[in-house]
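Residues per chain, in single letters:
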Amino acid sequence: MRFLLRALLAVGLPVVLVAAWWFGSAGSQDFYWPSLSTIVDAFGRTWTGAMFTEQVFPSLWRLLVGYLLAVVVGVALGVLIGTFRSVRSLLEPVLEFLRAFPPPVLVPAAILLSGIGDRTKILVIVFGCVWPVLLNTIEGVRGRDEVLSDTCRTYRVTGLLRLRHLVLRAASPQIVTGARQALPLAIILMVISEMMAANEGLGFTVLQFQRGFQIPEMWSGVLLLGVIGIVLSLLFRVAERSLLGWYHGQRAGQREW
Amino acid sequence: MLEVRNLHKVYDGHGRRVTAVGDLTFTVPEGQFACVVGPSGCGKTTLLRVLAGLLPATSGEVSVRGTPVTAPPKDLAVVFQEYGRSLFPWLRVRANVELPLKAAGMGRAERRKLADEALAAVGLSDVDNAYPWQLSGGMQQRVAIARAIAYQPKVLLMDEPFAAVDAQTRADLEDLIRAVWQRLGVTLLFVTHDIDEAVYLGQRVIVLSASPTTVAEDLAIDLPATRDQLTTRSDARFTELRGQVYARIQKVKAPASEGAPA
Ligand SMILES: Nc1ncnc2c1ncn2[C@@H]1O[C@H](COP(=O)(O)OP(=O)(O)O)[C@@H](O)[C@H]1O
Ligand SMILES: [Mg+2]
């Protein structure tokens, strides 16, 4: 019963909003604001078959590669910086400087240096997404409970075993927080990099539709981006649940006391 | 064997100097069960951390089984005062117990066997699949003890392990520790602030003074080796010994409280 109520609450507002859009826009004659039914109609026509494999799939691929690379690089750097004070004092000023750049600014320069291929776009995604992962990882590594570190020292848990069972696991709640913050950034940067420098991809296609006055198609692309965002964040939630089961269980237990 | 010679420890940092241990000297022979009692804040945890190689001494020497301590010694296990925080919350009970064995390069079958035995010894065979935070404080403490047992140490250090568990659990754990000590033949240094507990458990009680810490009394406990919560605690000799320790502690407290503001 409570589950049903919660499900209703969660789905309720989106349903109302979509319904409002659907009925509010029904029979719209405005060229730039077509009705939702027109958009949905365009969606079905536009994003299937070759369009999906040639425009959507490469975008998703770059998104995935860029995002995962950012997480790996962010965690690796974060563990190094969080563990060794010398690395921290060495890298911190440089990182502060680099972090100040808004990633889209780098797109033109990146194009000059490495063209408009996948590499440029993936680099832009990595560059934008690495920061939240990096900063949160550092915090997680540094904030580790000392009793656990002492336990590892006493029982001679060292090397890779220590990295896996102590360093990464202890920082994992923060790492996940950083990765969650990076996810929408990755989508934004994927679209932006494709709008600025591409001859294929989702962002590029949406822009082409807009320039070609294919307005329903353009809106359907926007809709698709929204759906991608929702699906990815749901996938993220599933991954988080299995990764951080212990963390949420522990916190739920503490709240009961 | 544990040797502590003129141990002196000063914490110095954040503009504050705290002398945690003044001048400590004592030796615990191989296989002895020694209890250390002292008022809160007298440096018991500090002493243990220096012995465990987790903290450098400011001056003086500490050696474990003949080797000066510069890093965590081999064959030494610690049950920490914050036992709950010393268990890995992301590992199940069995994995917590097995991790040090894995680090030692032990094979899966042998790890399993040792962990099973250790968990059985502390009466936790049925929760090996639980996470530590799903257990009560007393059970968590027993997991920490099981981990130490499975490690098969030659020296075991325990820091106020029963301070936070209820009376019944505490009595059970005390007997458990006696049994473990008798079975493994480890050298056991047991820190507590509870005089009764120290006298009941140990072959010897080392009483520490308040800061600056020194050994105020070093008392052999000549109670029979088989101890029992009921008979031992009502034994006349037990009462006498705990009276001696208590009187000694009152005496070492007195000079400190004279100077303190009321
Ligand atoms: N990391 C530390 N930094 C500074 N002072 C400390 C630190 N740890 C303990 N102390 C101080 O050292 C003294 C002894 O502490 P501790 O060894 O924990 O005593 P006990 O375990 O007997 O209660 C206390 O006055 C405490 O405040
Ligand atoms: Mg203490």
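Keep in mind that this is a model prediction, so the values were computed, not measured.

Parameters at a glance
Residues numbered from 1 in each chain as written. Chains lettered and ligands numbered in written order. Predicted model: local features only at pLDDT ≥ 70, side-chain atom pairs only at ≥ 80, totals over all residues. Heavy atoms only, no water. Pairing = 2+ DSSP bridges. Helix = DSSP H or I, 4+ residues; strand = E, 2+ residues; numbered from the N terminus. Contact = heavy atoms within 4.5 Å. Axes fitted to C-alpha atoms, helices over the stretch in contact; angles between N-to-C directions. Patch = residues over 30% accessible without salt bridge, like charges linked within 9 Å, V, L, I, M, F, W, Y side chains within 5 Å. Areas by Shrake-Rupley, 256 points an atom, 1.4 Å probe, with all protein chains shown as cover. Salt bridge = Lys/Arg side-chain N within 4 Å of Asp/Glu carboxyl O. Lys, Arg positive; Asp, Glu negative; His and termini not counted. Charge placed at Lys NZ, Arg CZ, Asp CG, Glu CD. Buried < 20%, exposed > 50% of the residue type's maximum accessible area, 1.4 Å probe, protein only. Domains from an automatic or database assignment. Buried area = accessible area lost by both parts, 1.4 Å probe. Parallel < 35°, antiparallel > 145°, perpendicular 65-115°, else oblique. Left-handed = near helix turned anticlockwise from the far one by under 90°. Expected span 1.5 Å × (residues − 1). Phe/Tyr/Trp six-rings, centres within 6.5 Å; stacked < 30°, edge-to-face > 60°. Lys NZ or Arg CZ within 6 Å of the ring centre and 35° of its normal.

1. A look at the sheet that holds strand β5 (residues 67-68) of chain B
Residue and element names in this part refer to chain B. In space, the four strands of this open sheet follow the order β2-β1-β4-β5, with antiparallel pairing throughout. On the outer flanks of this sheet lie β2 (16-28) and β5, each paired with one strand and no other. With nine bridges connecting them, strand β1 (residues 2-13) and β2 associate as antiparallel partners. Within β2, the residue paired with leucine 2 across the bridge is valine 28. Across the sheet, helix α1 (residues 44-51) lies against β1, β2 and β4 (59-64), angled at about 115° from β1, the strand it touches most.

2. As for a positive patch on the surface
Residue and element names in this part refer to chain A. Where like charges cluster on the molecular surface, the positive patch consists of Arg2, Arg6, Arg237 and Arg241. Counting residues per element, the ones that place at least two in the positive patch are α1 (2-25) and α10 (215-243). With respect to the helices and strands, arginine 241 occurs in helix α10. When its relative accessible area of 62% is taken as the criterion, arginine 241 is described as exposed.

3. Side note on the sheet that holds strand β6 (residues 76-79) of chain B
Residue and element names in this part refer to chain B. Strand order in the open sheet made by the six strands is β6-β7-β8-β3-β9-β10, with mixed pairing throughout. The sheet is open, and its two borders are formed by β6 and β10 (215-220), each paired with just one other strand. Recorded for the sheet is a direction-independent mean angle of 15° between the axes of neighbouring strands. Sheet analysis places β6 next to strand β7 (residues 155-159), joined by four bridges and oriented parallel. In the strand pairing of β7, valine 79 is matched with methionine 158. Here helix α6 (residues 167-184) sits on the sheet and contacts β3 (33-37), β7 and β8 (187-192); the angle it forms with β3, its principal contact strand, is near 140°.

4. Remarks on the domain arrangement of chain B
Residue and element names in this part refer to chain B. Segmenting chain B into domains produces domain 1 (2-75 + 153-253) and domain 2 (87-152). The centre of domain 1, based on its C-alpha atoms, is set 25 Å off from the matching centre of domain 2. On the side of domain 2, eleven residues touch domain 1, which itself brings 14 residues to the contact. Counting the surface domain 1 buries against domain 2, the share from its top three residues, Pro153, Leu173 and Leu176, is 41%.

5. Some remarks on the packing of helix α8 (residues 159-196) of chain A against helix α3 (residues 93-103) of chain B
One can describe the packing of α8 of chain A onto α3 of chain B by two numbers: an axis separation of 10 Å at closest approach and a directional angle of 160°. Here α8 of chain A is positioned roughly antiparallel relative to α3 of chain B, judged by the angle of their axes. For the pair α8 of chain A and α3 of chain B, the sense of crossing is left-handed. Between α8 of chain A, through Leu161, Arg164 and His165 of chain A, and α3 of chain B, the contact on the second element is made entirely by Leu99, Lys102 and Ala103 of chain B.

6. Remarks on the pattern of salt bridges
Opposite charge on two side chains permits pairing when their charged atoms draw close. Residue and element names in this part refer to chain B. Enumeration according to the criterion identifies 28 salt bridges over all chains in this entry. Between arginine 170 and glutamate 197 there is a salt bridge, with its nearest N and O atoms 2.9 Å apart. Linking arginine 170 in helix α6 with glutamate 197 in helix α7 (residues 195-201), this pair joins segments that are 27 residues apart in sequence. Connected through shared salt-bridge partners, Arg94, Glu98, Arg111, Asp116 and Asp128 make up one network.

7. A closer look at α6 of chain B
In an α-helix, one turn spans 3.6 residues, which is why side chains three or four residues apart end up on the same side. For α6 of chain B, with 18 residues, the first-to-last C-alpha span of 26 Å sits near the 26 Å given by 1.5 Å per residue. With its phi angle positive at about 65°, glycine 185 of chain B sits one or two positions after the end of α6 of chain B.

8. Comments concerning the packing of aromatic side chains
All chains considered together, the criterion is met by 13 aromatic pairs over all chains. Judged by centre distance (5.8 Å) and plane angle (85°), the rings of phenylalanine 127 of chain A and tryptophan 131 of chain A are edge-to-face. Here phenylalanine 127 of chain A and its partner tryptophan 131 of chain A are both found in helix α6 (residues 118-142), four residues apart, which amounts to about one turn of the helix. You can call phenylalanine 127 of chain A buried: its relative accessible area is 17%. Between the aromatic rings of tryptophan 246 of chain A and tyrosine 247 of chain A, the centroid separation amounts to 5.6 Å while the plane-to-plane angle is 75°, which identifies the pairing as edge-to-face. On the basis of relative accessibility, which here comes to 6%, the residue tryptophan 246 of chain A falls in the buried class. Members of the aromatic cluster, connected to one another through ring pairs, are Trp246 and Tyr247 of chain A together with Phe88 and Trp90 of chain B. Seen from the ring of tyrosine 11 of chain B, lysine 9 of chain B lies directly overhead, with NZ or CZ sitting 5.5 Å from the centre.

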